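# Survey of secondary and tertiary structure
What follows is each chain in one-letter form.
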Amino acid sequence: MHYLVAFLWSLPWIIPPLATYIRLRRSRSLDDESDIPPENPPLVSVIVPARNEAHNIARCVSSILSTTYPNLELIVVDDNSTDGTADAARAAAAGDARMRVVVCPPLPDGWFGKQWACTTGAKVAHGSVLQFTDADTIHGADLVTRSMNAMRRARAQLFSVAGHQELGGFWEKVIQPQVFTILAARYGGTESITQSTRVANKIANGQCIFVTHDSYNSIGGHASVRTSVAEDLMLAQKFFAARKRVVLMLGLNQLSTRMYASLREIVSGWRKNVFAGGLDSVPFGRIGRTMFPLFLLMPPLMELLPPLTLALSVVEHTTGSTLFVWAAISTAATLTWWVVVYVTARENPIYALAYPLGALMLLYIFLSAVIRGRRVSWKGRTYISQ
């Protein structure tokens, strides 16, 4: 009888991963879109906000200029960099007339740096479609072509691509999947996001967002989200609230990003986003925002509880108890889930064994984010997210 009780207790560690997996399968990919440019292709202005990105900008610029799309301009916005970002961008372009560097004016009060740089780029862009992308991205030659075909077919005013996340070092492989899995559990696959009729369920990937220039201007552009740390999420919600179509698709073979290359970058990067930005996507109004710190801490705590209980049961010689059986089933279910995650991500599944360490680090990041509240520090600047 206690085995049945233990299994029932384990359901919260079994059902959510299954539900997440099923929802993720309802995703659409750019692989299914044509790689042939549309007739009379509109000019696409690719805007790259870059602050101290000399280590990334060359590969980003080179990949964008390798596009098969025939009508494109590239605007690199140098946001007061001190590391030679602009020179590195020009060197990578090797005289290609499609690329120019724009120097960002001083940051006004009440603006986040990225939004100000994007606004600066949009003001000088000539394209009827704007693509905002990060400096740490690599673009497949077919990314713009397939995206423009998908955007036209879906009649989208905002079209975003979720690409492949590069995981270089140990801490990236252990922590990054933890965050992405929580996002997947919250939002589901691309079709769940695209088809949702609720503003709070809309999200975009700031690493790659296409918008029609007219629609962008009509909602106030990045000025409308100038005080939001999760500007991509808020931009998608602004578009949707204005009755404009928002579409998200996978582009695992068209877009690649290495967000953070060290433990310090991972902690700093997610600490600035998860709490201050997550507040903008919480349902149930004020009640939801009040409860958000608890909701945020729950996933890593849920992951850590079974293996800790299992270890304590072994130490205290209570391995025949219902609690031990529950911990064993829950730990096995969670480990199986992480094996699936790593295999799906084309990473070595041996990293699944380190999931308690990843959960522990995630708990630290989330706790420190909650303590900081809406105060955000990034690249030498401090903001208050509103």
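Just above, that's the structure.
The sections below set out a description of the structure shown in this document.

### A short note on the pairing of strand β2 (residues 72-78)
Burial within β2 is extensive, with seven of its seven residues counted as buried. Along β2, one buried face is formed by Leu72, Leu74, Val76 and Asp78 and the opposite face, lined by Glu73, Ile75 and Val77, is buried too. Across seven bridges, the pairing between strand β1 (residues 44-50) and β2 is parallel. Bridging across to β2, Pro49 finds its partner in Val77. For the segment spanning β1, helix α2 (residues 57-65) and β2, crossover handedness is right-handed. Sheet topology note: the β2/strand β3 (residues 99-103) ladder contains five bridges and is parallel. Among the inter-strand pairings, Asp78 is bridged to a residue of β3, identified as Val103.

### What about unusual backbone geometry?
Of note, the phi angle at Ala94 is positive, near 50°, even though the residue is not glycine. Within the secondary structure, Ala94 is located in the loop between α3 (85-93) and β3. Here Ala94 falls in the exposed class, since its relative accessible area comes to 68%. At Arg155, a residue that is not glycine, the phi angle is positive and equals roughly 55°.

### Digging into a nonpolar patch on the surface
Taken together, the side chains of Leu4, Phe7, Leu8, Trp9 and Leu323 present a nonpolar region at the surface, about 490 Å² in accessible area. Sorting elements by how many residues they give to the nonpolar patch places helix α1 (residues 2-24) first, with four residues. Within the secondary structure, Leu4 is located in helix α1. By relative accessible area, which is 46% here, Leu4 ends up partly exposed.

### Topic: the layout of surface pockets
If you add up the space inside the second largest pocket, you get close to 150 Å³. What lines the second largest pocket is Trp13, Ile14, Pro17, Leu18, Tyr21, Ala333, Thr336, Trp337 and Val340. Within the residue set of the lining of the second largest pocket, elements represented by two or more residues are α1 and α12 (322-344). Among the elements that make up the lining of the second largest pocket, the one with the highest residue count is α1 (five residues). Class assignment for the residues of the lining of the second largest pocket results in eight nonpolar, one polar and no charged.

The rules behind the values
- Chains are numbered independently. Their residues run from 1 in the order of the written sequence.
- In view of the model being predicted, local features appear only for residues whose pLDDT reaches at least 70, and side-chain atom pairs are presented and counted only at 80 or more, with totals across whole chains, interfaces and linings using the full set of residues.
- With hydrogens and water set aside, each side-chain value is computed from the structure's full complement of heavy atoms.
- Each residue is placed in one exposure class: buried if its accessible area under a 1.4 Å probe, protein chains only, is under 20% of its type's maximum, exposed if it is over 50%, and partly exposed if it falls in between.
- Helix numbers and strand numbers start at the N terminus; a helix is a DSSP run of H or I with at least 4 residues, a strand a run of E with at least 2.
- At least two DSSP bridges between two strands are needed for those strands to be called paired.
- A crossover gets the label right-handed when its path from the first strand over the helix to the second runs clockwise, viewed with the strands pointing away from the viewer.
- Patches draw on residues past 30% relative accessible area with no salt bridge. Two like charges within 9 Å are joined, as are two nonpolar side chains (Val, Leu, Ile, Met, Phe, Trp, Tyr) within 5 Å.
- Computed with a 1.4 Å probe, the accessible areas rest on the Shrake-Rupley method; for each residue, only the protein chains presented here act as cover.
- The working definition used for a salt bridge is a side-chain nitrogen of Lys or Arg within 4 Å of a carboxyl oxygen of Asp or Glu.
- Only protein atoms enter the 1 Å grid, on which a cavity is a set of points fitting a 1.4 Å probe that cannot get out and a pocket is an open set with protein on both sides within 12 Å along at least 5 of 7 lines, lining residues being those with an atom within 4 Å of a point.
- Grid points are joined across faces, edges and corners, and a volume is the space filled by probe spheres set on the points.
- Throughout, the ten residues Ala, Val, Leu, Ile, Met, Phe, Trp, Tyr, Cys and Pro are labelled nonpolar, Asp, Glu, Lys and Arg are labelled charged, and all others, Gly among them, are labelled polar.

Purely geometric stuff here, so don't read any function into it on its own.
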